[in-house]
There are 2 protein chains.
Amino acid sequence: MTTLEFWYEFASTYSYPAAWRIERLATAAGVKVAWRPLLLGPLFHKQQGLNDSPFNVVEVKGRYMWRDLERVCQAEMLPFRRPSQFPRRTLLAARLALVGAKRGWIAPFSRGVYAANFGQDRDIGDPAVLAKIVKEVGGDPVADFHDADSDAIKAELRANVAEAEAKGVFGAPSFYIPNAASPGGELFWGNDRLEQAVAWAAGAR
Amino acid sequence: MTTLEFWYEFASTYSYPAAWRIERLATAAGVKVAWRPLLLGPLFHKQQGLNDSPFNVVEVKGRYMWRDLERVCQAEMLPFRRPSQFPRRTLLAARLALVGAKRGWIAPFSRGVYAANFGQDRDIGDPAVLAKIVKEVGGDPVADFHDADSDAIKAELRANVAEAEAKGVFGAPSFYIPNAASPGGELFWGNDRLEQAVAWAAGAR
């Protein structure tokens, strides 16, 4: 079964619909999803010299994006409320997601974080908000927060960012299909490329 | 019959598949297309401080875009050859397109310019290349080049850029549906939003 790597950052707006759509599409195509959280801040800074979201830096693009995201969420019947703070701190959420990967709840946890940020305008930088989501997906906030703070998880998140960069990632959501026959794989960027990425992973090019 | 405004720049890579797809999709939906050429250079500079294509400024995005465009063209069965020069000068082509709007050949001329630039790697800044396309679509290069150089056409192109900016355009292809009920219309950006834009124009939201 081919694996589709799903690279996402919790502050990424279009990763919200992607996170809610990917399992359905992948399952239908017989493709396995590897949830790969990353931080975009370091990549934006290194590749584009940015210290803020491109949607804040270029106002006209931001204005468009919020309207477009509203339309996309409507079409997918996903709740949408424009976050009163953007982008939000995502370091703890990303580390918790990596803990969730080891405990089997990374997918529902990640969907929950996106829904909180973009559907309910809740502060996903707030540990209390994240603890509630951890509980909802069957985790144990005390133990999981402890592990999220470990050197191993911190190193894993840094390694994820480096791996994403090496694979050509510059934004989220990104989808990557490793190619057994060559060192390079196939990269797709954007929620609107999810269908093509899944089809590619399924071998239906 | 609703009109869908198609805002495009001849150097814009994703406008190539959009230009070749739009009439088929619009006709099927009972939507009329208004071909609105513009120059993106002034907008990129004003809105983002750029003096070059964003795909040249951010190398990793450019590398991804060329591969993605190749895939998009393959899926649409459009010839693709990466231009040896990017972006090319598009001022004369844009002015000729405006002449073509008055003479009924703006659509085939625009498709021809895109095919030359992105399908055949021909220099669309070269008047000889453009004269050949004008002839192919039934124009008269001598008279049409003369008109393209008129103050009226120059002013019209500048007005197009200003109108696009006022409508929130920041890239191409963009699709705009005027809203009779309010001053603001609906803007869609990107070849991958063409289907939604056409559906919106047809009233099937």
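Parameters at a glance
- Residues numbered from 1 in each chain as written.
- Chains lettered and ligands numbered in written order.
- Predicted model: local features only at pLDDT ≥ 70, side-chain atom pairs only at ≥ 80, totals over all residues.
- Heavy atoms only, no water.
- Helix = DSSP H or I, 4+ residues; strand = E, 2+ residues; numbered from the N terminus.
- Buried < 20%, exposed > 50% of the residue type's maximum accessible area, 1.4 Å probe, protein only.
- Least-squares fit on C-alpha atoms with pLDDT ≥ 70 in both.
- Contact = heavy atoms within 4.5 Å.
- Axes fitted to C-alpha atoms, helices over the stretch in contact; angles between N-to-C directions.
- Left-handed = near helix turned anticlockwise from the far one by under 90°.
- Nonpolar A, V, L, I, M, F, W, Y, C, P; charged D, E, K, R; others polar.
- Buried area = accessible area lost by both parts, 1.4 Å probe.
- Salt bridge = Lys/Arg side-chain N within 4 Å of Asp/Glu carboxyl O.
- Polar contact = N/O pair within 3.5 Å; in protein donor to acceptor, adjacent residues only side chain to side chain.

## What to know about the environment of B:Gly41
All names here are of chain B.
Part 1 of the reasoning: Along the chain, Gly41 turns up in helix 2 (residues 41–48).
Part 2 of the reasoning: Here Gly41 falls in the partly exposed class, since its relative accessible area comes to 42%.
Part 3 of the reasoning: Along the backbone, Gly41 and Glu9 are 32 residues apart, and their C-alpha atoms lie at a distance of 9.3 Å.

## Here's the deal with the relation of the copies chain A and chain B
Part 1 of the reasoning: Between chain A and chain B, the superposition needs a rotation of 180 degrees and an axial shift of 0.0 Å, giving an RMSD of 0.0 Å. Such a combination of turn and shift is consistent with a two-fold rotation axis. No C-alpha of chain A lies nearer the rotation axis than that of A:Asp192, which sits 3.5 Å from it.
Part 2 of the reasoning: Comparing interface residues between copies, 100% of those in chain A also sit at the interface in chain B, which points to an isologous, same-surface contact.

## Examining the packing of helix 1 (residues 15–29) of chain A against helix 6 (residues 106–119) of chain A
Residue and element names in this part refer to chain A.
Part 1 of the reasoning: Between helix 1 and helix 6, whose axes approach to 9 Å, the crossing angle comes to 145 degrees. Viewed along their axes, helix 1 and helix 6 form a crossing whose handedness is left-handed. The residues of helix 6 that touch helix 1, namely those facing Ser15, Tyr16, Ala19, Trp20 and Glu23, are Ala107, Arg111, Tyr114, Ala115, Phe118 and Gly119.
Part 2 of the reasoning: In the contact of helix 1 with helix 6, the residues fall into seven nonpolar, two polar and two charged.

## What about unusual backbone geometry?
Part 1 of the reasoning: At the junction of A:Phe86 and A:Pro87, the peptide bond is cis and its omega measures out at -10 degrees in the coordinates.
Part 2 of the reasoning: By the element assignment, A:Pro87 lies in the loop between helix 4 (59–75) and helix 5 (91–103).
Part 3 of the reasoning: Of the consecutive residues B:Ala172 and B:Pro173, the connecting peptide bond is found in the cis state with omega at 0 degrees.
Part 4 of the reasoning: The backbone phi angle of A:Met77 is positive, close to 55 degrees, even though this residue is not glycine.
Part 5 of the reasoning: Examined against the element boundaries, A:Met77 turns out to sit in the loop between helix 4 and helix 5.
Part 6 of the reasoning: Positive phi, close to 50 degrees, is recorded for B:Asp121, a residue that is not glycine.
Part 7 of the reasoning: Structurally, the position occupied by B:Asp121 is in the loop between helix 6 (106–119) and helix 7 (127–136).

## Topic: the interface of chain A and chain B
Part 1 of the reasoning: Between chain A and chain B, the residue contacts involve 20 residues of the former and 20 residues of the latter.
Part 2 of the reasoning: Summing both partners gives a buried area of about 2,000 Å² for chain A against chain B, and 54% of it is carried by carbon and sulfur.
Part 3 of the reasoning: Here chain A is connected to chain B by eight salt bridges.
Part 4 of the reasoning: Here A:Glu186 ties to B:Arg67 by a salt bridge, and the two come within 2.7 Å at their closest N and O atoms.
Part 5 of the reasoning: Inspection of the region where chain A meets chain B yields 12 residue pairs in polar contact (both at pLDDT 80 or more).
Part 6 of the reasoning: Mapped onto the side of chain A that touches chain B, the elements with two or more residues apiece are helix 2 (41–48), helix 4 and strand 4 (186–189) of chain A.
Part 7 of the reasoning: The element best represented in the side of chain A that touches chain B is helix 4 of chain A, accounting for seven residues.
Part 8 of the reasoning: Its residues assigned to classes, the side of chain A that touches chain B comprises 10 nonpolar, three polar and seven charged.

Geometric values such as these leave the question of function open.
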